[in-house]
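# Summary of structural features
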Amino acid sequence: MSSPEQQPHTPPPATAPGTGQETAEEPAPALAEPFPALPDHPPAASASRWSRLSRGAVLAIGAGLGAAVVGACWAGVSLADGSEETFGTDGTLTVTGIGAGLDSGDLCTGTDGYSDIDFGAQVSVTDAAGTLVAKGSLGIGQKTDLGCEFPFTVDDITPGSKFYTVEVSHRGGLTQTEDELRAGGLAFTLGD
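Before going into details, it helps to say that this report is about the structure given with it. (Residues numbered from 1 in each chain as written. Predicted model: local features only at pLDDT ≥ 70, side-chain atom pairs only at ≥ 80, totals over all residues. Heavy atoms only, no water.)

## Thoughts on the overall build of the protein
- When its secondary structure is counted, the protein shows three helices and nine strands.
- The helix and strand sequence of the protein, counted from the amino end, reads α-α-β-β-β-β-β-β-β-β-α-β.
- In the protein, buried positions account for 22% of the 192 residues.
- For the protein, the proportion of contacts with a sequence separation of at least 24, taken over those separated by at least 6, is 59%. (Helix = DSSP H or I, 4+ residues; strand = E, 2+ residues; numbered from the N terminus. Buried < 20%, exposed > 50% of the residue type's maximum accessible area, 1.4 Å probe, protein only. Contact = heavy atoms within 4.5 Å.)

## Remarks on unusual backbone geometry
- Backbone geometry at Asp112 places phi at a positive 50°, although glycine is not the residue there.
- In this fold, Asp112 is placed in the loop between β2 (107-108) and β3 (122-126).
- For Ser169, which is not a glycine, the phi torsion comes out positive at approximately 55°.
- In this structure, Ser169 sits in the loop between β7 (164-168) and β8 (173-176).

## Some details on the side chain of Asp127
- Examined against the element boundaries, Asp127 turns out to sit in the loop between β3 and β4 (132-138).
- Despite its burial, Asp127 remains without a salt bridge, the nearest opposite charge being carried by Lys162 at 13 Å.
- A polar side-chain atom of Asp127 sits 3.0 Å from the main-chain amide nitrogen of Ala129.
- The residues contacting Asp127, other than those within four sequence positions of it, are Val133, Ser161, Phe163 and Tyr164. (Lys, Arg positive; Asp, Glu negative; His and termini not counted. Salt bridge = Lys/Arg side-chain N within 4 Å of Asp/Glu carboxyl O. Polar contact = N/O pair within 3.5 Å; in protein donor to acceptor, adjacent residues only side chain to side chain.)

## Let's talk about the state of the cysteines
- One pass over the full model with this rule turns up one disulfide.
- In this model, Cys108 is linked to Cys148 through a disulfide, with the two sulfur atoms separated by 1.9 Å. Here the S-S torsion is close to 100°, and the disulfide linking Cys108 with Cys148 is therefore right-handed. Highlighted residues: Cys108 in strand β2 and Cys148 in strand β6 (residues 147-157), separated in sequence by 40 residues. (Disulfide = S-S within 2.5 Å.)

## What about the packing of aromatic side chains?
- Under the defined criterion, the tally for this structure stands at two aromatic pairs.
- Taking the centre distance of 6.2 Å and the plane angle of 85° together, the rings of Phe87 and Tyr164 count as edge-to-face. Taken together, the positions of Phe87 in strand β1 (residues 87-96) and Tyr164 in strand β7 put the pair 77 residues apart, joining distant regions of the chain. Across the pair, exposure class does not vary: Phe87 and Tyr164 are buried alike.
- Both rings, one in Phe152 and one in Phe188, keep their centres 6.0 Å apart while their planes meet at 5°; by these two values the pair is stacked. Here Phe152 is found in strand β6, whereas its partner Phe188 is found in strand β9 (residues 186-190), with 36 residues between them in sequence. (Phe/Tyr/Trp six-rings, centres within 6.5 Å; stacked < 30°, edge-to-face > 60°.)

What follows is the structure in structure tokens.
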């Protein structure tokens, strides 16, 4: 038994409503590719939570999150290199033979060949490789029995060197171990 051949079904032409006239409808052009799917969007409820916050609140939250990220990065870098925290030292530099005629405790300064030794003169600390690792400065000089004594403090010294050289102005350095620097109370002397 043979089955009848099926013919494609063509719909009848459309008629304009209420006119009784038939109009030919053009077929829609075929698309070469389908439209891409729209990305999934978060539900509108989560966006509305943020939209209810004031601009100041959003900025405060952003600043707090930014500070937390920067702090975490800083801590990570600090811990990753395995270095210890920096340390400081202090001491005195006495220039002997100056300040004649002054009473003990009077303010004094370096004179003659020691005019570079005065309040604010740089104190440099270099490591065993000769790299500058910290700087400080001399405090105000006071007359003592030995001469004019200047206190100094140096902070933020990078640890881990076999030895360090402490130099005031351009007067040449004195070598110290890390333990000696950490203990502080260093006493240097210039002059006769």
